[in-house]
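# Tertiary structure, described
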Amino acid sequence: MAPVIAVTGASGRIGRRVARRLVDAGAAPRLLGRRPDRLPELPGAVVGPAAAYGDGEAMRRALDGVDALFLVSAHEAPDRVPQHRTAVDAALDAGVGRIVYTSFLGAAPDAVFTFARDHFHTEEHIRASGVRFTFLRDDLYLGVVPALCGADGVIRGPAGDGRLAAVAHDDVADAAAAVLLGEGHDGRTYDLTGPQAFTLEEAAAELGRAAGRPVRYVPETREEAYASRAGHGAEEWEVAGWVSSYEAIAAGDLAEVSDAVPRLTGRPARTLRQFLQEYPASWRHLSGA
């Protein structure tokens, strides 16, 4: 009998893609989310009951009978790590024997990118639980790159001339599906990146080429970065995450190029140029269209 695979965050960019790939491979995943009415309708997939990470009892019920859990990290929040811990503990209580978790490149307790610290603490909790696990440490997503640029055609941030090897959501989903459906991945950590590391100045050039207009990168100091984001009404922890993502680029923390995507999927990872060609809606705010 085929193992039952549950996919959390199945209405999101990663979870939805992974669920579709599992279905295409002949699996019958159980789709989980806080709002079951927002989950995709996929032939063969089973929509589970509402389950928020922080609700241990709801998660336990939703994971009853599940063999493997694809745990998509929760949205950034001050209580993100407790949410993850509750979800992991619920999975163990439900008898789940394997967890594949979407982590972040360079996850560490002192990571420059503050949100990467959440992933480290979640990884440690999963390791300590004794459950079979695989960690997928994603770089920043390629879809984030166009969003860094304002409608004025300027990317601003304290990234200096650092590089990042951003990865496509589709490539992460392909890799995740390969891990969930394959063997020999227990206890492994895979760094999922794109095939090349680029500066934000180079990213601006690619965006400009795609949009048919000048796009440029303007480096900021940390003080300038905090000041330019002060009017967004975000909480301090969130702004720190935004600013520190650029600082992580400057520090070289996101520049590693890994071959994990082609090793797991059998094909090259997408470049920024390929992504922009495939998803023109991502840069439409720059074209005036």
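Residues numbered from 1 in each chain as written. Predicted model: local features only at pLDDT ≥ 70, side-chain atom pairs only at ≥ 80, totals over all residues. Heavy atoms only, no water.

## Comments concerning the side chain of D191
Let me state the cut-off plainly: Helix numbers and strand numbers start at the N terminus; a helix is a DSSP run of H or I with at least 4 residues, a strand a run of E with at least 2. Only protein chains enter the accessibility calculation, which uses a 1.4 Å probe. A residue is then buried if its area is under 20% of the maximum for its type, exposed if over 50%, and partly exposed in between. Charge counting treats Lys and Arg as positive and Asp and Glu as negative, with His and both chain ends excluded. Between Lys or Arg on one side and Asp or Glu on the other, a salt bridge is scored when a side-chain nitrogen of the former is within 4 Å of a carboxyl oxygen of the latter. Contacts are assigned to residue pairs that have any heavy atoms within 4.5 Å of one another.
Turning to its location among the elements, D191 is positioned in strand 9 (residues 188-192). Although D191 lies buried, it forms no salt bridge, and the closest oppositely charged side chain, R137, sits 4.9 Å away as judged by the N-O distance. Discounting residues that sit within four places of it in the chain, D191 has contacts with L105, R137, E256, S258 and A260.

## Quick word on the packing of aromatic side chains
Remark: the centre distance and the inter-plane angle together describe each pair of aromatic rings, the angle taken between the planes. We count it as follows: In this scheme Phe, Tyr and Trp rings, the latter by its six-membered ring, pair at centre separations within 6.5 Å, and the angle between planes marks the pair as stacked below 30 degrees, edge-to-face above 60, and tilted otherwise. Criterion for a charge above a ring: Lys NZ or Arg CZ within 6 Å of the ring centre, and within 35 degrees of the ring normal.
Within this structure, the stated rule accounts for 6 aromatic pairs. Ring centres of Y101 and F135 lie 6.4 Å apart, and the angle between their planes is 85°; this geometry places the pair in the edge-to-face category. Linking Y101 in strand 5 (residues 98-104) with F135 in strand 6 (residues 132-138), this pair joins segments that are 34 residues apart in sequence. A single burial state applies to Y101 and to F135, both of which are buried. By way of ring pairs, the aromatic residues F104, F113, F115 and W237 are connected into one cluster. Over the aromatic face of W283 sits the side chain of R284, whose NZ or CZ is 5.7 Å from the ring centroid.

## Describing the sheet that holds strand 4 (residues 68-71)
Two strands in a sheet stick together by hydrogen bonds in their backbones, pointing the same way (parallel) or opposite ways (antiparallel). Put simply, the rule reads: Any two strands with at least two DSSP bridges between them are considered paired.
Here we have 7 strands laid out as an open sheet, ordered 3-2-1-4-5-6-9, and parallel in their pairing. Of all strands in the sheet, those bounded by a partner on one side alone are strand 3 (46-47) and strand 9. Taken together, the 2 bridges between strand 1 (residues 5-7) and strand 2 (residues 30-31) define a ladder with parallel strand orientation. Directly across from A6, in strand 2, lies its bridge partner R30.

## Quick word on the environment of P262
Tracing the backbone through its elements, the reader meets P262 in helix 10 (residues 260-265). For the pair formed by P262 and D37, sequence separation is 225 residues and the distance between their alpha carbons is 35 Å.

## Some points on the nonpolar core
The following threshold applies: In this text, buried Ala, Val, Leu, Ile, Met, Phe, Trp, Tyr and Cys residues form a nonpolar core when linked through side-chain atoms within 4.5 Å.
Grouped together as the largest cluster of nonpolar side chains are 54 residues, with contacts concentrated most on V18, L63, F70, I99 and L192. Residue contributions to this core peak at 7 residues, all from helix 6 (residues 169-181). Setting aside residues up to four positions removed in sequence, F70 forms contacts with A6, V7, T8, I14, V18, V100, T102, L136, A176 and L180.

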